[in-house]
Each structure stands twice: as structure tokens, then as C-alpha cells.
Amino acid sequence: MNNPIANRRSAKSDRRNPPPSWRQWWKLQTPTRQDRLALIAPLAAVVLFLLVMLSAFAYLRIEELDRENEAVNRDVEYAQQRMRLRLLERQEQLMRIARQVINRDIDPAEFQLQAENLINQFPELIAVSWIDAQRQVVAAHASPSAADSSNRKPGDLVPPGETAGSFDLARDLRQPVYSNPLSHSDQGATVLVQIPLTDVSHFSGVIMGEYSLDGLLRFGVPSEVMARYAVTLVTEDGKLLAGTPPPVNTRTLPAMPGMSHNFEQETPVSPVGNSLVLRAQGYRTSQDMVGGSFMWLMGGLSALTVWMLVGNWRHTRRRVQAQQALLAETNFRRAMENSMLTGMRALDMHGRISYVNPAFCSMTGWTETELVGQTAPFPYWPEEDKDMLTTRLDDELNGRSNPGGFEVRVRKRNGQIFDARMYVSPLIDPNGVQKGWMTSMTDITEPKRIRQELTASYERFTTVLESLDSAVSVVPLGSDELLFANKLYRLWFGMDGKGHQQLVEQCGPANTRSPDDGDQIDVFAGMPTQTMTDAQAENAELYLENLDKWLEIRSRYVTWVDGRLAQIAIATDISARRHAEVLAAQQAERAQTASRLITMGEMASSVAHELNQPLTAISNYCSGMITRLQKRTMEEADLLAALDKTARQAQRAGQIVQRIKSFVKRSEPNPTLSDVATMVNNAIELADIELRRQQVRLTHYVAARLPQLLVDPILIEQVLINLLKNGAESILQAKRPVEERQIELKVLPRKMNDADVVEFSVRDTGTGVPTELLERIYEAFYSTKTEGMGIGLKLCRSIIESHHGRIQVENIYNGADITGCVFSFWIPVTSPLKSGTA
């Protein structure tokens, strides 16, 4: 059993010896000056020794490299001089042959014989050719080992590309010229020498010698140089022409740092010039394994020494700090315990307080001295809860406490009451013997208040949802479990999730992933594997027969309170609105039919006049045929011609009647793919009757190859007829002379907001529209004409907007005077009609 007095003394000792601060702890971990000196002195000695040895190796290596570089330079210069002398000797022999050709001492046969002797004597020379001033071969001889491109026949023409410009340069300079190295696919690289044939100032050709660079390298470079170096001929940009480069050096050990060197010397070959470079690269007879191995061995031993010094120093230092670390760890654990925000209280087996931490004292307002050694009833117990807390303490001491903790009320020293939650666990000593009970206490006043507020908020939210006139439901994905449903949903669909699934499935198709999207699997990490229905961003409307209602559905995915992905659906009854929309559509349809009837009524006199012409012609034809038949003066051919004219006039009258009948016929909107030119011609046929009576000239232009439009052709024709008729009436109101009475109809393709549209424009020369009335002309029952009803332009605008188009008006000015106006509207190339709109 613990002694309360001993415990109080231990607590006082802890207060007299508080745990070290973080500065003190860091000081214990930081090396002292003596520790640093003990480590730095041997390290400095090892590093100094290593630097001295590296300096000695570096000096010896630099001396060796300088000697080898001097030897390479001397040998390369010697090889270049030997090659130069050999080229000059061959050049002199070719010049002697050239002088014999100029003096006509030899003919082509003799030239070929001398060339053959020269090639047999000097293998690096593979071809000698006599070429006249027109680049035509007079005589030539090539080595048997030469490629086909070097075997030139008498009469062959040497193209400029084969001489690389050296022929022209020799002709201009009148002195021997060497070409740049030439690469061939069928043989090694070659170089050409051009010896000009000049007699005073007359140029008669060249003697062209062709050297093999491989042969020049083999017979021109001394054998002792070839044995010591890898000798090659390269271009000025480093391209290999002849010879074999040295093999790549594969070291088993890396070279000394900074000491690796490649012995290489280059010098241009004279008299060829800078285009041909002689390169010599020294062979590495050994990999300097002894020096390199010794250097790396010395570095390894130095590193091992440093490592052993550091390890010994660290081991010694750890031994010195072992006791300090143990003390610091104990004090640190004590400091952690005292800094906890959770109150800790220890009871012995008899229910006496043996330990409290600072957090417990801060919560209750009692000091450690006042609490340690106290027995029940404790001073922090409220008076009204003492019986209940006594029972709790008895359960606690007998091991009957709830592992999940319990809530109690605690009284502070100042009398204030707060709510707390306590957890009890056995207190076991290092020998496994229970010495008491450890209790942790947490202040839950604020969390309890928040929980109560959340409960009240949830109740208010539920009340609002229950009183909504929309059905709200939440269902998790892949299940028919109903997570939430308000009163209206339960009234319509009951208490299961089948009604929810019915709503979302009818609103949108299943959103399934393509099997080709396997590489994008990471995008769906954390998402369910089953099919997900689309969550509609806009309202979706559907009709449910079992409810006899039109519903507007909105749905989206949400994360439910338990972390599951769920779908929320809101269904609103819109039956009244749908009924109003149907009535409005029917009224709009009747208004359009009435407008067409009014239009035809206003055009009745013109239509009667138009019909009177074919009927009068039919009457005249019939009277004439009767008269001539009675007199027996009409032949059968004349009778057939007269009957044919009568039939055409009858067809014309029938077409006019059929066109009027189709125009005024009442029918449902029928969007179809319609030809633009056909709609324009049909409208012009009807409108032109009235325009001719009013002496208004109509011109129209329809662009070729216009796409078909998804429209109701009768409605579009109605808009065109109204606009043409309004234009004619505006011209009559303006009292324009007959020659100024004109209307122009144009149909053109356009681009509107990056979309393809077809634009219809009607331009007249009437009075235009007053500026102050431009915004009111589309209002219902508003008209600028005294006898107008004010529904024509209103219907036109409704029809165009139902086809997802737009209509606009613009006055035409001549100075400050209005000389007419332009009504224009456009229709998208692919645009279905709005549902429920005529």
C-alpha cells in the first residue's frame, strides 16, 4: 500500500527538481569544445598526409604526360613530312606527263602506258586520267583494285560533282590543285589532284590523279609511327576517312582523379590543305594499375582511419552521456505527463487519492497538496450528486466500472459546475501487481453543448424538409436502403428506395465506363465499382402514371455522414405548370393559324386577281374552240394545242389554290430537314401576288449549296411572307415613286458565336421604324399601322426563337433621313424545336 506522506514528499522533490528545458536538453546533445578538438586533431593529420601523397603523385603524373605529349608531336610532324614529300613526288611525275601532253610528245596510247607504269609503281595512286577542256576523258588508266567510279573510259564526260570543284579551280589558277576528300560508297575515301594543261594562255584540260587515302596512309606514314600510334586521316570536322581509331579503354580501376589523359595530336596534310587532317592517338600500353591501385588503396586506408577515429569518439561520448540521457528521458516523460490536458488521478486500493497531475488540479481548482491523501467524499463532488458518486466509486474500486467511461458532474473550488467524462483502468506496477486505479478525466462541457446545438439544428432542418412541397430522398449507391426521406416522399413512394431508383433511372441513362479506359483507372480511385446513374445538372421532367403527375427531378452525389457515397434526389410536382404550357402552346398555334388567315384575307383581292387571269384565259380558249368547231375551221393539231394551253392555265389556277390551302391549313408543328431554296420560292410565290398589285419589285438571292435546316417549313414561310408584306406596306406608307419601290431578300450562310447558321434578310425602301419604337415592335398587340392588330412581328419572333434563332431590325439612313429598314433573322444549321412550343 502507498504511503500518502511519501507520495507528497516525492511530489515536492519533483517540484524542486523540475525537468530540464529544451535548451538544457540540446546542450547535453551538443559536443563540447574539448570533444571537437579530440576529434579534429587526428583527422587533420590524416587529411594532411593524404594531400601530400596526392600532390606527389600528381607531380610525377604531369611530368610523364608532358614527355609523352612531346613524343607524339614529334612523331606526327615527322609522319606529315613523309606524306607531304610522297605527294609532291607524285605531283612532279604527273606534271612531267602534263608537259609531254602539252608539247604533243605523247599520244593517248603512250599516255595510258605511262599512267599504268606510274600506278603499278606507287600503289596509293589508283587512277590517272587525261581530261580535255570540255571535261571529256581523252585517255585514262585505273588500278585493278579501283572501284567502278574510278574506271573512266575515253569519251566519258566527267560531271562537276565528281571533281568537287577542283577542275574549275585548276582552270582558273593554272596551277596544281588538290580537291577536298571525296567519300565513295563502293570504295574508301579519295583525294584528287588536278594538273592543268596550259600552253601560254590557252587551257586545254587537266591531268587528274586520284589517290586512295587508305593507300596514302599505309605507304606514306613510317611503319615505326604506325606501330606506336593509331594513325588516321580525318576531315577538319573530325569525320573518319582512313585508318582505324584506337579501341575504347575499359579500365578495371578508375584512374587518378584529374589525371586521365588521351595522347592525341592533329596536323593538316600539306599540300592538300586543312580539309585533310592527320591524327595520331597513342596506344595505352598499360592501365597504370600500379599507381592507380596504390592511390586508391592509400585513400581507402585513410578513409578507414577517419571512420575508426569518428567511431571511437562517438562510442566514448555515448558512454559518458549514458547516465545523463537516462535522467533526461525520465524527466522528459515526467514533463510530458504534467503537460497533458487530460486530468489524471490515481487511487490506492482503499480509495485514497495517491496522485493527481497538474491538469486535474487545473480543472478542479484544488492544489495537489489539498487533494493527495483525501478519501471520499472528495472536495470536487457536488453536494447533490454525492450519493450517486459514492456508488460510482464503490463500483470503481470493485472493478465494475464501464470500460467506455461514464459522465459525471464536477464542482470547481469556486463553486462552478462542469461536465466531465471519466475512464478507469487498473494501475499495475512493474512486478505485475495491481496497486490501485488510474482515472482519466476530460472536460466535455463544450462538446456536449455543441452536440446539443447540433441536435436542435438537425431537428429544425428535418422540420423544414418535412414541410417542403417537394419529395426529398437519399439512397446509397448499389443499395435500395433509404437513408432519408421527407414526408411527401413517404406519401408518394412509401418507405423503401425503389421510388428513388425509379426517378433517377428515368431521368438519365446508366453512366458506364468504356473497356478501353483501362489506363485511366487511377482517376476513379475510391469510387464504387458498380454502375452509377447520371446526376442531372439541369432539371429533368418526367410523367409518372401511378401518381398522374408531372415531376421535375434534380439529383446529385453527396458523401453521407457515415462516409458512404450516396445520391440525393428532389422531385417537385410541376403538373400545373405543364398544363399551363400546353394551353399556351395551343393558343400560340391558334394565333399562328389566325395570323395566316388574316394575311390571306388581306391578300384576298390580289389572290382573286391572280386567279382571274388563268380562269379568263381558260374561258377565252374554250369560246374560241367552240366557235371554230362550229364553223369546222379547226384542225386536230390546233385543237390539241388549244386544249394543252387550257390545261396549263387550269394547273396554274390549281397550284395557286393548293399553295393557299397549304399555307392556311392548321396543323401541328412538324420539324423536318427542309431545303432553304424551296421554302424561299414557296413564300415568294404567295407574297409576289400582293407585291405586283402594289407595284413593288421583289429581287431575291439564295446562296448555293446551303445546308438543310431542321425546321417547320410552313412556319418559316409564314415569317418570310409577313416580313415581305410588312415591307410592301411600309413602302406604300412612304409614298415612294414606282421606280423606288423595291424589296430585296437575301439568304446567306453566316457564323454566329462559332456556330454555323443561315441568315435571312428582307430589305425595303419604306419608312423604317422610329428609333424610340425599336424596342416595342415585338410586343403583343402593339402596331405602328392604324389598322394593324400587333401580332405579326410577335408571332415572327416566337417562331424564330422556337427554332433557337434570333430576329433583329435595323434602319437604313441617308444622312439623318430614314430610307428603309432591314429585318434579318438566322436559324442554326442543326437545331431541334423547343418542346411544347409552336
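Residues numbered from 1 in each chain as written. Predicted model: local features only at pLDDT ≥ 70, side-chain atom pairs only at ≥ 80, totals over all residues. Heavy atoms only, no water.

Draft legend 1. Spotlight on the overall build of the chain. Within the chain one finds 21 helices and 28 strands. For the chain, buried positions account for 37% of its 838 residues. For the chain, the share of sequence-separated contacts (at least 6 apart) that also reach a separation of at least 24 residues comes to 60%. Just so you have it, the chain exposes about 48400 Å², and 54% of that area is on carbon and sulfur atoms. (Helix = DSSP H or I, 4+ residues; strand = E, 2+ residues; numbered from the N terminus. Buried < 20%, exposed > 50% of the residue type's maximum accessible area, 1.4 Å probe, protein only. Contact = heavy atoms within 4.5 Å. Areas by Shrake-Rupley, 256 points an atom, 1.4 Å probe, with all protein chains shown as cover.)

Draft legend 2. Structural context of the sheet that holds strand 5 (residues 202-212). With antiparallel pairing, five strands are arranged side by side in an open sheet as 2-1-5-4-3. The sheet is open, and its two borders are formed by strand 2 (137-142) and strand 3 (177-178), each paired with just one other strand. In the sheet, strand 3 pairs with strand 4 (residues 190-199) via two bridges, with the strands oriented antiparallel. Looking across to strand 4, one finds that Tyr-178 is bridged to Val-193. Sheet strands touched by helix 7 (residues 213-220): strand 4 and strand 5. Its angle to strand 5, the strand with the most contacts, is close to 65°. (Pairing = 2+ DSSP bridges. Axes fitted to C-alpha atoms, helices over the stretch in contact; angles between N-to-C directions.)

Draft legend 3. Focus on the pairing of strand 27 (residues 806-814). Note that strand 27 and strand 28 (residues 817-828) share nine bridges and pair antiparallel. Bridging from a neighbouring strand, Glu-810 pairs with Val-822 of strand 28. As consecutive antiparallel partners, strand 27 and strand 28 are separated by two residues, and within that stretch Gly-815 has a phi angle of approximately 75°, a positive value.

Draft legend 4. Here's a closer look at the sheet that holds strand 27. The strand order across the open sheet built from five strands is 23-25-26-28-27, with neighbouring strands paired in mixed fashion. Each end of this open sheet is capped by a strand with a single partner; those strands are strand 23 (697-702) and strand 27. With direction set aside, neighbouring strand axes in the sheet form an average angle of 20°. Bridging between strand 23 and strand 25 (residues 742-752) involves six bridges; their strand directions are parallel.

Draft legend 5. Inspection of the packing of aromatic side chains at higher detail. For the structure on display, the rule yields nine aromatic pairs. Ring centres of Phe-360 and Tyr-380 lie 5.4 Å apart, and the angle between their planes is 80°; this geometry places the pair in the edge-to-face category. Of this pair, Phe-360 sits in helix 10 (residues 358-364) while Tyr-380 sits in the loop between helix 11 (368-371) and helix 12 (386-397), and the two are 20 residues apart along the sequence. Accessibility expressed as a relative area gives 1% for Phe-360, which makes it buried. On the numbers, 5.6 Å between centres and 15° between planes, the contact of Phe-378 with Tyr-380 is stacked. (Phe/Tyr/Trp six-rings, centres within 6.5 Å; stacked < 30°, edge-to-face > 60°.)

Draft legend 6. A look at the environment of Ser-467. Positionally, Ser-467 belongs in the loop between helix 13 (445-466) and strand 15 (470-476). A C-alpha to C-alpha distance of 8.2 Å links Ser-467 and Asn-486, two positions 19 residues apart in sequence.

Draft legend 7. Local environment of the nonpolar core. Of all hydrophobic cores here, the largest spans 43 residues; its most connected members are Val-676, Val-680, Ile-743, Phe-760, Phe-825 and Ile-827. The set of elements that each furnish at least two residues to this core consists of helix 19 (676-693), strand 24 (709-711), helix 20 (713-734), strand 25, strand 26 (755-764), helix 21 (792-802), strand 27 and strand 28. Ranked by the residues each element gives to this core, the list is headed by helix 20, at nine residues. Phe-760 has contacts with Val-676, Val-680, Leu-709, Leu-720, Lys-746, Val-747, Phe-823, Ser-824, Phe-825 and Ile-827, leaving out every residue within four places of it along the chain. (Core = buried A, V, L, I, M, F, W, Y, C linked by side-chain atoms within 4.5 Å.)

Draft legend 8. Local environment of the pairing of strand 25. Sheet analysis places strand 25 next to strand 26, joined by ten bridges and oriented antiparallel. Counted as the bridge partner of Met-752 is Ala-755 from strand 26.

Draft legend 9. Geometry of a nonpolar patch on the surface. On the surface, a cluster of nonpolar side chains totalling about 570 Å² of accessible area is made up of Leu-297, Leu-301, Leu-304, Trp-307 and Met-308. Summarising the element assignment, Leu-297 is placed in helix 9 (residues 289-338). (Patch = residues over 30% accessible without salt bridge, like charges linked within 9 Å, V, L, I, M, F, W, Y side chains within 5 Å. Salt bridge = Lys/Arg side-chain N within 4 Å of Asp/Glu carboxyl O.)

Draft legend 10. Geometry of the pattern of salt bridges. Taken as a whole and assessed by the stated rule, the structure comprises 37 salt bridges. Its salt-bridge partner being Arg-490, residue Glu-466 comes within 3.0 Å of it at the nearest N-O pair. Here Glu-466 is found in helix 13, whereas its partner Arg-490 is found in helix 14 (residues 487-493), with 24 residues between them in sequence. With its nearest N and O atoms 2.9 Å apart, the salt bridge here joins Lys-751 to Asp-756. Taking relative accessible area as the criterion, Lys-751 reaches 56% and is therefore assigned exposed. Overlapping salt bridges, with partners in common, bring together Arg-86, Glu-89, Arg-90 and Glu-124 in one network.

Draft legend 11. Focus on helix 19. Helix length check: helix 19 (18 residues) gives 26 Å between terminal C-alpha atoms against 26 Å at 1.5 Å per residue, within 8%. Bending of helix 19 peaks at approximately 35° at the position of Ala-687. Restricting attention to buried positions, one finds in helix 19 the residues Val-676, Met-679, Val-680, Asn-682, Ala-683, Ile-684, Leu-686, Ala-687, Ile-689, Glu-690 and Leu-691. In this structure Asp-675 caps helix 19, since a side-chain oxygen of it lies 3.3 Å from the backbone nitrogen of Ala-677. At the exit of helix 19 stands Gln-695, carrying a positive phi of roughly 60°. (Expected span 1.5 Å × (residues − 1). Bend = angle between axes of the 7 residues up to and from the residue. Polar contact = N/O pair within 3.5 Å; in protein donor to acceptor, adjacent residues only side chain to side chain.)

Draft legend 12. Quick peek at unusual backbone geometry. Of note, the amide linkage connecting Ser-270 to Pro-271 takes the cis form, showing an omega dihedral of 10°. Within the fold, Pro-271 resides in the loop between strand 8 (264-269) and strand 9 (273-282). Of note, His-804 is a non-glycine position whose phi angle comes to about 65°, a positive value. Judged by its relative accessible area of 33%, His-804 falls in the partly exposed class.

Draft legend 13. Structural view of the confidence of the model for the chain. Scored by pLDDT, the chain has a mean of 79; 79% of the residues are at 70 or more. Predicted confidence for residues 510-526 stays below pLDDT 50, and this span has nine contacts to residues more than four positions away or in other chains. Within the model, pLDDT remains below 50 along residues 786-791, and this stretch shows ten contacts once partners closer than five positions in the same chain are excluded. (pLDDT = per-residue confidence, 0-100.)

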